[in-house]
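Chain by chain, the residues run as shown.
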Amino acid sequence: MAIATQDGNTPVIALLRRDWKFLFNQLRSTHAGYLHRVTASAPVLGGEPERYYELAAADAEAVPGALDPSWTRRGGQPHSVLLLPAAPAGSDDDEAHTMVRIMLKDVASIPTGLAELEAWQRVLASLDSLPVG
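A few points about the overall build of the chain
Then comes step 1: Helix and strand counts for the chain come out as 6 helices and 2 strands.
Then comes step 2: Reading the helices (α) and strands (β) of the chain from amino to carboxyl end gives β-β-α-α-α-α-α-α.
Then comes step 3: Expressed as a percentage of the 133 residues in the chain, the buried residues total 22%.
Then comes step 4: Considering only residue pairs separated by 6 or more positions, the chain has 66% of its internal contacts joining residues 24 or more positions apart.
Then comes step 5: Of the roughly 9,400 Å² of accessible surface on the chain, a fraction of 59% belongs to carbon and sulfur atoms.

Here is the structure:
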């Protein structure tokens, strides 16, 4: 059930608990990228798995876009991954996904003053927004 955005803030959708668990199992992320992608549609409450797999199928058929050339100048290796994989996150390499979850928990538990809180929240959001693949 889509709910309109308020004053340009992060969009909100209503989910059943089982749908939230399904999405978290698929993505192992709380990043709002999925929310931004689905707010334009009006699904049936409780039908999140169906919508997710439709989007995952569209991702599998999509042609990768152009890569930022600055990555190759910095020594990065171009690699394309699906934004929404059909298989749950970590099903191909659970140890790597476990390591990422541990890193996120460690960063989240760093004691900071209020002034540093926003900076650490940005770090967490950046790490959590990495594609699942």
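Some thoughts on the confidence of the model for the chain
Then comes step 1: Within the chain, residue pLDDT values average 76, and 78% of them lie at 70 or more.
Then comes step 2: Per-element confidence in the chain is highest for helix 3 (residues 48-61), whose mean pLDDT is 89, and lowest for strand 1 (residues 2-3), whose mean pLDDT is 47.
Then comes step 3: The model gives residues 1-5 a pLDDT under 50, and that stretch makes 12 contacts with residues more than four places away or in other chains.

Concerning the environment of histidine 36
Then comes step 1: As for its position among the elements, histidine 36 is in helix 2 (residues 33-38).
Then comes step 2: Linking histidine 36 and valine 12, residues 24 residues apart in sequence, is a C-alpha distance of 8.6 Å.

Description of the side chain of glutamine 26
Then comes step 1: Relative to the elements of secondary structure, glutamine 26 occurs in helix 1 (residues 17-27).
Then comes step 2: Only 3.4 Å separates the side chain of glutamine 26 from the backbone oxygen of proline 85, close enough to count as a polar contact.
Then comes step 3: Among the polar contacts made by the side chain of glutamine 26, one reaches the main-chain carbonyl oxygen of alanine 86 at a distance of 3.1 Å.
Then comes step 4: For glutamine 26, the contacting residues outside a window of four places in its chain are Tyr52, Tyr53, Pro85, Ala86, Ala87, Pro88, Ala89 and Val132.

Looking at a nonpolar patch on the surface
Then comes step 1: The grouping of Met99, Val100 and Met103 at the surface amounts to a nonpolar patch, some 240 Å² of accessible area in total.
Then comes step 2: Tracing the backbone shows methionine 103 in helix 5 (residues 94-108).

Details of the nonpolar core
Then comes step 1: Counting 12 residues, the largest nonpolar core consists of Ile13, Phe22, Leu23, Leu27, Tyr34, Val38, Tyr52, Leu55, Ala56, Leu84, Ala89 and Val132.
Then comes step 2: Of all the secondary-structure elements, those providing two or more residues to this core are helix 1, helix 2 and helix 3.
Then comes step 3: Once residues within four sequence positions are removed from consideration, alanine 56 is found in contact with Leu84, Pro85 and Ala86.

Looking at the packing of aromatic side chains
Then comes step 1: Considering all chains together, one arrives at 5 aromatic pairs under this definition.
Then comes step 2: Look at phenylalanine 22 and tyrosine 52: their rings are 5.5 Å apart centre to centre, the planes differ by 85°, and that puts the pair in the edge-to-face class. One end of the pair, phenylalanine 22, is in helix 1; the other, tyrosine 52, is in helix 3, and 30 residues separate them in sequence. For the residue pair phenylalanine 22 and tyrosine 52, the accessibility class agrees, reading buried in each case.
Then comes step 3: Plain terms: the ring middles of tyrosine 34 and tyrosine 52 are 6.0 Å apart, the flat faces sit at 40° to each other, and that makes the pair tilted. In this pair, tyrosine 34 is assigned in helix 2 and tyrosine 52 in helix 3, connecting sequence segments 18 residues apart. Summarising the burial analysis for this pair, tyrosine 34 and tyrosine 52 share the class buried.

Quick notes on the packing of helix 1 against helix 3
Then comes step 1: Following both chains from N to C, one finds helix 1 and helix 3 inclined at 30°, their axes separated by 9 Å at the closest point. Accordingly, the angle class assigned to the pair helix 1 and helix 3 is roughly parallel. Note on element contacts: helix 3 touches helix 1 through Glu48, Pro49, Tyr52 and Tyr53, opposite Asp19, Phe22, Leu23, Gln26 and Leu27.
Then comes step 2: Residues that form the contact of helix 1 with helix 3 fall into these classes: 6 nonpolar, 1 polar and 2 charged.

Rules used in this analysis
Residues numbered from 1 in each chain as written. Predicted model: local features only at pLDDT ≥ 70, side-chain atom pairs only at ≥ 80, totals over all residues. Heavy atoms only, no water. Helix = DSSP H or I, 4+ residues; strand = E, 2+ residues; numbered from the N terminus. Buried < 20%, exposed > 50% of the residue type's maximum accessible area, 1.4 Å probe, protein only. Contact = heavy atoms within 4.5 Å. Areas by Shrake-Rupley, 256 points an atom, 1.4 Å probe, with all protein chains shown as cover. pLDDT = per-residue confidence, 0-100. Polar contact = N/O pair within 3.5 Å; in protein donor to acceptor, adjacent residues only side chain to side chain. Patch = residues over 30% accessible without salt bridge, like charges linked within 9 Å, V, L, I, M, F, W, Y side chains within 5 Å. Salt bridge = Lys/Arg side-chain N within 4 Å of Asp/Glu carboxyl O. Core = buried A, V, L, I, M, F, W, Y, C linked by side-chain atoms within 4.5 Å. Phe/Tyr/Trp six-rings, centres within 6.5 Å; stacked < 30°, edge-to-face > 60°. Axes fitted to C-alpha atoms, helices over the stretch in contact; angles between N-to-C directions. Parallel < 35°, antiparallel > 145°, perpendicular 65-115°, else oblique. Nonpolar A, V, L, I, M, F, W, Y, C, P; charged D, E, K, R; others polar.

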